[in-house]
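# Structural overview
Single-letter residue listing:
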Amino acid sequence: MGFKTFDELIASQKGRAAPVRMAVAAAEDEHTLEAALRARREGIAHPVLIGGREAVNAALSRLGEQAAPEDILDVPDGGEAARVAVGLIREGKADFLLKGRLDTSALLRPVVDKESGLSAGGVMSHFTMFQLPTYHKLLAAVDGGMVTYPTLEQKRAIILNSVGVLRTLGCETPKVGVLACVEKVNPKMPETVEADALKRMNRDGRLPGCLVEGPISYDCAVDREIAEQKGFDSPCAGDCDILIAPNIHAGNIMGKVFTVTCKAPMAGFIVGAKCPIAMTSRGSSPREKYLSIVISAAAAR
């Protein structure tokens, strides 16, 4: 793919003459501010901080930082801050969103509003990318945070969303592994039937711009030697760029195994809306929030 490490991605976005503009909803959170201001220093993204002015300035002071008065919009209520942030996107005054100190549902409420939201008319999904210590390139695993039990058509949309991101990042033909616990179609396992259907969609042009393999087990998807031992022959074996989980639980568990147990750095955002939406969890570190800003800025360009 285009980048093997997050450091390579960061280097590609630093020092741009015109940094993209980032609307930070409920910007009183110190970890969010720390990440946003690092992106500002590096010329990656220019933040517009939306939150209670007094609380935002107090948090900035604790970090030894400051922001121009015009870059702070005094909106103390979190839900209203989210609405204002969405409005900035619609007015062309910001290029992507960053979630601060508010619940995900409060941020998404104005995003999905049918009259004034950011829907692009399709499926919105959660894109996450990981730098695993034992894998040879950045790896995307989806969808562990948005679509709960995706239908076949929703899985197709999730693949198209994810492929679009990777192509933006320089991966010309992403390799997609549709995961199951076995490599053969079993009518009693719907996940394998749908994986095979997605592979056929790819072959007949309904899933363009990528190479889809499925059903494929996780070990075959990331380890070519294991695939060879199993007699599984595929150009995706051991070289996948994207892993498609069968449902949100599998995707979420896989992501947490990567980050908590494997200590893999992660970046993520919602794709499929009119702009990237960097929506990290409350437990995310400043670095994870920063990496999510970087990849969102790259996608917003």
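Quick note: structure is the one above.
Residues numbered from 1 in each chain as written. Predicted model: local features only at pLDDT ≥ 70, side-chain atom pairs only at ≥ 80, totals over all residues. Heavy atoms only, no water.

The linkage connecting Val142 with the following residue, Asp143, adopts the cis geometry, with an omega of -5°. Relative to the assigned elements, Asp143 resides in the loop between strand S6 (139-142) and helix H6 (152-168). The omega angle of the peptide bond from Gly214 to Pro215 is 0°, so this bond is cis rather than trans. Its place among the elements puts Pro215 in strand S8 (residues 211-216). (Helix = DSSP H or I, 4+ residues; strand = E, 2+ residues; numbered from the N terminus.)

To continue, consider helix H10 (residues 248-261). Because the α-helix completes a turn every 3.6 residues, residues three or four places apart line up on one side. For H10, spanning 14 residues, the distance from its first C-alpha to its last is 19 Å, which sits close to the expected 20 Å at 1.5 Å a residue. Residues Ile248, Gly251, Met254, Gly255 and Phe258 constitute the buried set of H10. Considered in projection along H10, the buried side chains sweep an arc of 140° and stay on one side of the axis. Pointing more than 90 degrees away from the buried face of H10 are the exposed residues Ile253, Val260 and Thr261. Looking at the residues trailing H10, positive phi occurs at Lys263, about 60°. (Expected span 1.5 Å × (residues − 1). Buried < 20%, exposed > 50% of the residue type's maximum accessible area, 1.4 Å probe, protein only. Arc of directions from axis to C-beta.)

Turning next to the pattern of salt bridges. Using the criterion set out here, one finds 18 salt bridges in the structure. Taking the shortest distance from any N to any O, the salt bridge between Glu153 and Arg156 comes out at 3.9 Å. Residue Glu153 and its partner Arg156 are located together in helix H6, separated by three residues, close to a single helical turn. A residue is classified by how much of its surface remains accessible, and Glu153, at 46% relative accessible area, is partly exposed. Overall, Arg156 belongs to the partly exposed group, its relative accessible area being 25%. A salt bridge links Lys199 to Glu213; the nearest nitrogen and oxygen atoms lie 2.9 Å apart. (Salt bridge = Lys/Arg side-chain N within 4 Å of Asp/Glu carboxyl O.)

Here we take up the packing of aromatic side chains. In the structure shown here, the tally under the stated rule is three aromatic pairs. Ring centres of Phe130 and Phe258 lie 5.1 Å apart, and the angle between their planes is 75°; this geometry places the pair in the edge-to-face category. Of this pair, Phe130 sits in strand S5 (residues 125-130) while Phe258 is found in helix H10, placing the two residues 128 residues apart along the sequence. This pair shows no difference in class: Phe130 is buried, exactly as Phe258 is. Pairing Tyr218 with Phe258 gives two aromatic rings, centres 6.3 Å apart and planes at 40°, and the pair type is tilted. Placement of Tyr218 in helix H8 (residues 218-222) and of Phe258 in helix H10 is noted, with a sequence separation of 40 residues between them. On the basis of relative accessible area, Tyr218 is assigned to the partly exposed category, the value being 35%. Cluster of aromatic residues (ring-pair linked, three or more members): Phe130, Tyr218 and Phe258. (Phe/Tyr/Trp six-rings, centres within 6.5 Å; stacked < 30°, edge-to-face > 60°.)

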